[in-house]
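Overview (structure and organization)
Here is what each chain is made of, one letter per residue.
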Amino acid sequence: MTIYVGNLSYQATEDDVNEVFSEFGSVKRVQLPTDRETGRKRGFGFVEMSSDDEETAAIEALDGAEWMGREIKVNKARPREPRPSGGWNNSRNAQF
């Protein structure tokens, strides 16, 4: 299971997030996506912990908490939805 963390401060680092979540158990991985064009953090991230019990404890304790001046949203991450392939001109695949 992976945890979604939303409404993060743009100044938050992976080490900052790791420090907060490690209070609830062993953090296996922290990922803070960045914008492809600007390189700026996108204001959300993902945390993977060693056990479901640790993740549940972190979610219950941190959802809605104020951290770095923002009220963070913490919940179970949903699986990624598949994106349609092709580009803006997908007419090659059209059936006429």
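Here, the structure is the one placed above.
Report follows, based on the coordinates. (Residues numbered from 1 in each chain as written. Predicted model: local features only at pLDDT ≥ 70, side-chain atom pairs only at ≥ 80, totals over all residues. Heavy atoms only, no water.)

A word on the nonpolar core
- Counting 18 residues, the largest nonpolar core has Ile 3, Val 17, Phe 21, Val 47 and Val 74 as the members making the most contacts within it.
- Of all the elements in the fold, those that place two or more residues in this core are β1 (2-6), α1 (14-21), β2 (27-31), β3 (44-49) and α2 (52-62).
- Other than its neighbours up to four places away in sequence, Phe 21 contacts Ile 3, Val 5, Val 27, Val 47, Met 49, Ala 58, Leu 62 and Val 74. (Core = buried A, V, L, I, M, F, W, Y, C linked by side-chain atoms within 4.5 Å. Buried < 20%, exposed > 50% of the residue type's maximum accessible area, 1.4 Å probe, protein only. Helix = DSSP H or I, 4+ residues; strand = E, 2+ residues; numbered from the N terminus. Contact = heavy atoms within 4.5 Å.)

Overview of α2
- Along α2, the residues classified as buried are Glu 54, Glu 55, Ala 58, Ile 59 and Leu 62. Projected onto a plane normal to the axis of α2, the buried residues spread over an arc of 135 degrees and lie on a single side. Opposite its buried face, α2 presents the exposed residues Asp 53 and Glu 60, each directed more than 90 degrees away.
- Structurally, α2 contributes buried residues whose contacts are with β1, α1, β3 and β6 (73-76).
- Looking one or two residues beyond α2, the residue adopting positive phi is Gly 64, at roughly 90 degrees. (Arc of directions from axis to C-beta.)

Some details on α1
- Those residues of α1 that sit buried are Val 17, Val 20 and Phe 21. Buried positions in α1, seen along its axis, are confined to an arc of 90 degrees and lie on one side of it. Among the exposed residues of α1, those oriented more than 90 degrees off its buried face are Asp 15 and Glu 19.
- Buried residues belonging to α1 abut β1, β2, β3, α2, β4 (66-67) and β6.

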